[in-house]
Amino acid sequence: MAVLVTGGAGYIGSHMVLALLDAGHGEVVVIDDLSTGFAWALPPDVTLVRGDMGDQALVTETIRRHGIDAIAHFAAKIVVPDSVSDPLGYYLNNTVKSRALIEAAVREGVRHVIFSSTAAVYGEPAQVPVPEDLPTNPINPYGRSKLMTEWMLADAAKAHGLTYVALRYFNVAGADPRGRSGQSTPNATHLIKVATQAALGTRSHLEVFGTDYPTPDGSCLRDYIQVSDLADAHLVALNHLRGGGESLTLNCGYGRGYSVLEVIQVVKEVSGRDFEVRLSPRRPGDPSQIIAQADRIRERLGWRPKHDDLRGIVSQALAWEDALARRNQI
Ligand code: UDP
């Protein structure tokens, strides 16, 4: 039995690879086109297939060669504003290529899929915290591109007998506590990444996108989940499926929201650095608040977070950003 990790050289995928290896899960094979990931993010004992997870011939060959029984599917484009300006690119990458991957998996008899879905499927949620059974209503192409893949998986599971867990991520942040991986994309747009860059001076300032939202301080509220905790959620999902468990769709968050302004304050405190913050207009496609109702994953999979602490998340992100800055100077 071997696990294929699509997008395993990327931010969350590389933490999944570490989690699989740390747990002694046997062979781990990564397929990644290295468009945003890095080969150096992978430990040496991992097989990297450099290519497109939507290339059925390559995926089929990889499944056969390594005896893949489960796929953890991370490879995707993930920047909400980019999905607004390039919707068809997002539907190609996230939906059309996922269809090709799932079809190859079904044909080759792969038993299980763990899918990186997103809280963006809820759109501007009618209820906060958001339970999994709230009707989905994505408000941007990114969320729609992911929701369509959830639907494909559900339908393919019914028709073809594979089982899957779709994990709806809230805002993923932080880095491996042992410093082995982190968010390495140079032009990443995610708040904690950008704020740590501003604190370290690799970015001149930070913009707050919108201070007129209907929230206590006017900036958006998000539920930040630490990346190794999220990788652990995939591990317990894999064990669940391999043990014969049913398909599930589960929120991955801590169930608590922080505003953009609160996050900035924590980054300033933890780093001990002040930096320029500009108040800017809203960014297209941003819901005002997304916070998980987070108990189902605990009940169904027995997942227990170990790193539920914003200051700790920020300090890991700072350490990783600092290491990256040094690496880039070499
Ligand atoms: N955000 C911000 N400035 C930035 C990056 C993000 O104000 O430089 C805000 C963004 O508008 C949203 C929140 O931070 O309200 C989280 O955005 P992020 O891109 O990190 O994740 P998303 O929620 O879009 O997946």
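Residues numbered from 1 in each chain as written. Predicted model: local features only at pLDDT ≥ 70, side-chain atom pairs only at ≥ 80, totals over all residues.

A word on the site of the ligand
The test is simple: Residues are counted as near a molecule or strand when the C-beta atom, derived from backbone positions, lies within 6 Å of that molecule or strand. Secondary structure follows DSSP: runs of H or I at least 4 residues long count as helices, runs of E at least 2 residues long count as strands, and numbering of each begins at the N terminus. Residues are grouped as follows: Ala, Val, Leu, Ile, Met, Phe, Trp, Tyr, Cys and Pro are nonpolar; Asp, Glu, Lys and Arg are charged; every other residue, Gly included, is polar.
Looking at the ligand, there are 15 residues lining it, with His190, Leu191, Val194, Phe209 and Cys220 nearest. The set of elements that each furnish at least two residues to the shell around the ligand consists of α6 (191-200) and β8 (205-209). When residues in the shell around the ligand are grouped by element, the largest group, four residues, is from β8. Taken together, the residues of the shell around the ligand sort by class into eight nonpolar, three polar and four charged.

Section: unusual backbone geometry
The omega torsion across Val128 and Pro129 is -5 degrees, close enough to zero to call that bond cis. Looking at the element boundaries, Pro129 is found in the loop between β5 (112-118) and α5 (141-160). Although it is not a glycine, Leu34 adopts a positive phi angle of roughly 60 degrees. Structurally, Leu34 is set in the loop between β2 (27-32) and β3 (47-50).

Here we look at the UniProt feature "domain: NAD-dependent epimerase/dehydratase" (unreviewed entry) in the protein
Filter applied, for reference: UniProt positions are given in the numbering used here, feature names are shortened, and annotations may be inferred rather than shown by experiment.
UniProt marks residues 3-253 with the feature "domain: NAD-dependent epimerase/dehydratase" (unreviewed entry), using the numbering shown here. For residues 3-253, the end-to-end C-alpha separation is 24 Å, with 38% helix and 21% strand making up the annotated structure.

Structural notes on α6
This is how the line gets drawn: With C-beta atoms placed from the backbone, a residue is labelled by how many other C-beta atoms lie within 10 Å of its own: buried for 20 or more, exposed for 12 or fewer, partly exposed between the two. Any pair of residues counts as being in contact when their C-beta atoms, constructed from backbone geometry, are within 7 Å of one another.
Most of α6 is tucked away, with eight of its ten residues classed as buried. Check the buried side of α6 and you find it contacts β7 (171-173), β8, β10 (224-226), α8 (260-271) and α10 (310-329). Immediately beyond the C-terminal end of α6, within one or two residues, lies Gly201, with a positive phi of roughly 85 degrees.

Focus on the sheet that holds β5
Put simply, the rule reads: Each pair of strands is called paired provided DSSP finds at least two bridges between the two strands. An axis is simply a line fitted to the C-alpha atoms; with a helix, the fit covers only the stretch in contact. Between two such axes, the angle follows the N-to-C directions and lies from 0 to 180 degrees.
Strand order in this open sheet of seven strands is β3-β2-β1-β4-β5-β6-β11, and the pairing throughout is parallel. Edge positions in the open sheet fall to β3 and β11 (248-252), since each of these has one partner strand only. Neighbouring strand axes in the sheet, compared pairwise and without regard to direction, differ in orientation by 20 degrees on average. Strand direction decides the pairing type here: strand β1 (residues 2-6) and β2, joined by five bridges, are parallel. Counterpart to Leu4 in the pairing with β2 is Val29.

Notes on the sheet that holds strand β9 (residues 221-222)
Sheet architecture is open: three strands sit in the order β12-β9-β14, paired in mixed fashion. Both edges of this open sheet fall to β12 (258-259) and β14 (289-290), since each of them pairs with a single strand only.

Concerning the domain arrangement of the protein
Let me state the cut-off plainly: Domain start and end points were adopted from an automatic or database domain assignment.
Domain boundaries in the protein define domain 1 (2-173 + 224-252) and domain 2 (191-222 + 255-329). Here the C-alpha centre of domain 2 lies 23 Å away from the C-alpha centre of domain 1. Listed by contribution, the elements that provide at least two residues to the side of domain 1 that touches domain 2 are α3 (80-85), β7, β10, α7 (227-242) and β11. No other element matches α7, which puts seven residues into the side of domain 1 that touches domain 2. Class assignment for the residues of the side of domain 1 that touches domain 2 results in 20 nonpolar, seven polar and four charged.

A few points about the packing of α6 against α10
Applied cut-off: Any angle from 65 to 115 degrees is called roughly perpendicular, while one under 35 is roughly parallel, one over 145 is roughly antiparallel, and all others are oblique. By definition, any crossing whose near helix is turned counterclockwise from its far helix by less than a right angle is left-handed, and any crossing with a clockwise turn is right-handed.
Interaxial distance between α6 and α10 falls to 9 Å at its minimum, and their mutual angle equals 60 degrees. With respect to α10, the axis of α6 lies oblique. Relative to α10, the crossing made by α6 is right-handed. Residue-level contacts link Ile192, Lys193, Thr196, Gln197, Ala199 and Leu200 of α6 to Ile313, Val314, Ala317, Leu318, Glu321, Asp322 and Ala325 of α10.

Some remarks on α8
One full turn of an α-helix is made of 3.6 residues, so residues set three or four places apart face in the same direction. The line we're drawing: One less than the number of residues in a helix, times 1.5 Å, gives the span that helix is expected to have.
For α8, spanning twelve residues, the distance from its first C-alpha to its last is 16 Å, which sits close to the expected 16 Å at 1.5 Å a residue. Close packing links the buried residues of α8 with α6, β8, β12, β13 (276-280) and α10. Positive phi appears at Gly272, one or two residues downstream of α8, with a value of about 70 degrees.

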